[in-house]
Amino acid sequence: MIVVIIRTAGAYMRKIFTCVLFFAIFANISRAQQIYQPYSFMFYQKLSRDFYSPATSLHTALKPYIISDSSSLKPGYDSIMNRTVDTSRKSWVARKLFNEHLFDVRQPDFTFYADYLPDLLIGKEFVDGNSLWLNTRGYQAGGTIGTKFFYYTSGFENQGHFPNYINNYVTATGMVPGQAYDFHSGQYATKDWLYVTTLLGYAPSQSISIEAGVDKTFIGDGYRSMLLSDFASNYPLLRVKFDLGKRVQYMAMWAYLEDQDAIKFGSTANHAPNRAKWAAFHYIDWNITKRASLGFFNALIAPDAYDDGSRHGFDINYINPILFVKSIAPSGPIPDNTFIGFNGKYKVLNKTIIYAQILFDQSAGSNSKNGYQLGLRGSDLFKINSFNYLFEFNTARPYTYSNQYPLVNYTELDEPLAHPFGANFKEVLGVLNYSIGRFDFEGQLNYAKYGLDVNNINYGKNISSPDITEAGGNTGQGLSTSFKYAQGKISLLINPKYNLRLEAGAVLRQERNAQMDQKTALITFGLRSTFRDLYSDF
């Protein structure tokens, strides 16, 4: 199993930019170290008291974080990673099971850790009477070389039986949500897939970080992101971050994306590789004061080649460090697709913020393709320690993120790069989380209204479909559908180093319109680990 995962990781790494070798060769040896923490909403929200205190001026929107020894997040991070650790345990088995990484080497000039990551679930879906299970065997390994160089990799081999609505998703897209291809393209009840993350990083100073690998990026302070989220599967990327003084953080990222539906090249087109597209992203975050921040975002999606096989020409926008505009290179059959947006937050109280996002789709001829977000979140609700909360509203007008040419839609392997609903929706949600001792309690409620396609007419929700209207319409147009989702989880932490825990969960879900009333009710029990986000609330 490990050999298969390593081979898969190697295939991904061949796509990664060769400048990574430069980082490894020239990484200087120093005393302090950088720590890469994979993004997970449920882990990161435990740092809310540090993020959202008026006493700090952290850049909180751009995730995942690289946490250095000198970061003001380090004490809070160490507290979470050492939660429930009992230093009186002396036996090797007890220390590895409850306190430590499976392998953990710490030297003045380097560190290395590695873990075996099980994710084993059994459950029952009551409406259809189906048994649910998940059998995941995984690993993670990471470490540092001085302050300059850090690395992380994880891989998972998975088989599972999903509830009805996730089966429908896999059948429609061929993808296990946010992870990877189903090897059987959704044709069988048992889904089978591999999922790999690999990242190498070089930090020549405390204000500069250069990262390359196969990963995701999340921009925002909410549960969802209307700009760039971690819902879609991993993709090869090069990510550069600069702290420009104490108040400004700048990120530029270039990514290699794929499209499953675009016309493939060659006589064996059905077995040819997916068509590729390139993406470039910029995000600038400005801490106006210790309470207020404002961020500017833009993105560009460009085809690697046109339908006739000719290559896309070079555009100065690909290396433009500040702002994308419409292509100034000779125009081709498929124009580049560009987006701009804003992200902001304000600390209204100690440990409490309001936050917002707005995105504008700059597709030709459209003035009405946009989406926005408004939310409230914080920690220590009712002065109860470690009681975190979030309330959020999201909406996107019809056809936002889509394009006349589907190859340059805002997707990776047909999965949205922003909100999992795509477009043509309104959503409200709330998340509560409380931690005490080894126990963790989580509750979530979602309600949404959206319009589905009907009679083979594209009403603007499925952003993988071509937008032939280049216009808006009313949000919710099409087959009016309501979505209700409720989830509760209780977990008992075993080892905080890789989030090993016993977990029990329950989900109630309903998707209803004039043509269907799909209900889901399920419970699950399992032994789980890792910090990755796996979304099922769509």
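Residues numbered from 1 in each chain as written. Predicted model: local features only at pLDDT ≥ 70, side-chain atom pairs only at ≥ 80, totals over all residues. Heavy atoms only, no water.

Colleague: What should I look at first to understand the side chain of Asn499 in this one?
Modeller: In this structure, Asn499 sits in the loop between strand E25 (479–495) and strand E26 (500–512). Here Thr530 takes part through its backbone oxygen, which lies 3.1 Å from a polar atom of the side chain of Asn499. Not counting the four nearest positions on each side in its chain, Asn499 is found in contact with Leu493, Arg528, Ser529, Thr530 and Phe531. (Helix = DSSP H or I, 4+ residues; strand = E, 2+ residues; numbered from the N terminus. Polar contact = N/O pair within 3.5 Å; in protein donor to acceptor, adjacent residues only side chain to side chain. Contact = heavy atoms within 4.5 Å.)

Colleague: Would you take a moment to explain the environment of Ser53 for this structure?
Modeller: Here Ser53 is to be found in the loop between helix H4 (48–51) and strand E2 (62–63). Ser53 gets classed as buried once you look at its relative accessible area, which sits at 14%. Other than its neighbours up to four places away in sequence, Ser53 contacts Lys347, Asn350 and Lys351. (Buried < 20%, exposed > 50% of the residue type's maximum accessible area, 1.4 Å probe, protein only.)

Colleague: Would you take a moment to explain the packing of aromatic side chains for this structure?
Modeller: All told, the structure shown has 38 aromatic pairs when counted by the stated rule. Ring geometry for Tyr39 and Tyr44: centres 4.8 Å apart, planes at 75°, overall edge-to-face. One aromatic cluster is present, formed by Tyr39, Phe43, Tyr44, Phe51, Tyr52, Tyr65, Tyr77, Phe218 and Phe531 through successive ring pairs. Above the plane of the ring of Phe421 lies Arg224, whose end atom (NZ or CZ) is 5.8 Å from the centre. (Phe/Tyr/Trp six-rings, centres within 6.5 Å; stacked < 30°, edge-to-face > 60°. Lys NZ or Arg CZ within 6 Å of the ring centre and 35° of its normal.)

Colleague: Whenever I open this one, the pairing of strand E4 (residues 103–106) confuses me. Can you help?
Modeller: Successive residues of a regular strand alternate their side chains across the two faces of the sheet. Pairing between E4 and strand E5 (residues 110–125): 4 bridges, direction antiparallel. Residue Val105 lies in a different strand from E5, and its bridge partner there is Phe112. Counting the residues between successive antiparallel strands, the hairpin from E4 to E5 contains 3 residues. (Pairing = 2+ DSSP bridges.)

Colleague: Quick question: what am I supposed to make of helix H7 (residues 164–173) here?
Modeller: Count 3.6 residues to each turn of an α-helix, and residues three or four apart come out pointing the same way. With 7 of 10 residues buried, H7 lies mostly within the body of the structure. Burial in H7 covers these residues: Asn164, Tyr165, Ile166, Asn167, Tyr169, Val170 and Thr173. Among the residues trailing H7, Gly174 stands out with phi positive, at a value near 75°.

Colleague: So what exactly am I meant to see when it comes to the nonpolar core here?
Modeller: Soluble globular proteins: nonpolar side chains tend toward being buried together. With 84 residues, the main nonpolar core has Leu228, Phe281, Phe297, Tyr401 and Tyr410 as its most contacted residues. Excluding its chain neighbours within four sequence positions, the residues that come into contact with Tyr401 are Met226, Asn337, Phe339, Leu359, Asp361, Ala396, Asn409, Tyr410, Ala418, Gly422 and Ile463. Membership of the second largest hydrophobic core comes to 6 residues, among which are Phe156, Ile494, Tyr498 and Leu500. (Core = buried A, V, L, I, M, F, W, Y, C linked by side-chain atoms within 4.5 Å.)

Colleague: Help me out: how do you make sense of helix H5 (residues 74–81) in this one?
Modeller: Within the sequence span of H5, burial applies to Lys74, Gly76, Tyr77, Ile80 and Met81. The buried residues of H5 all sit within an arc of 165° when viewed along its axis, so they share a single face. (Arc of directions from axis to C-beta.)

Colleague: Got a minute to help me understand the pattern of salt bridges in this structure?
Modeller: A side chain of one charge can pair with a side chain of the opposite charge if their charged atoms are brought near each other. Enumeration according to the criterion identifies 22 salt bridges in this entry. Measuring nitrogen to oxygen at the nearest pair gives 2.8 Å for the salt bridge that ties Asp380 to Lys351. Of this pair, Asp380 sits in the loop between strand E19 (370–378) and strand E20 (387–396) while Lys351 sits in the loop between strand E17 (337–349) and strand E18 (352–361), placing them 29 residues apart in sequence. The class of Asp380 is buried, set by a relative accessible area of 15%. (Salt bridge = Lys/Arg side-chain N within 4 Å of Asp/Glu carboxyl O.)

Colleague: What is the right way to read the pairing of E18 from this model?
Modeller: In the sheet, E17 pairs with E18 via 10 bridges, with the strands oriented antiparallel. When the bridges of E18 are listed, Asn343 appears paired with Gln357. Of the strand pairs in this sheet, E18 and E19 are connected by 9 bridges, and their pairing is antiparallel. By the bridge assignment for E19, Gln357 is matched with Gln373.

Structural measurements only, silent on function.
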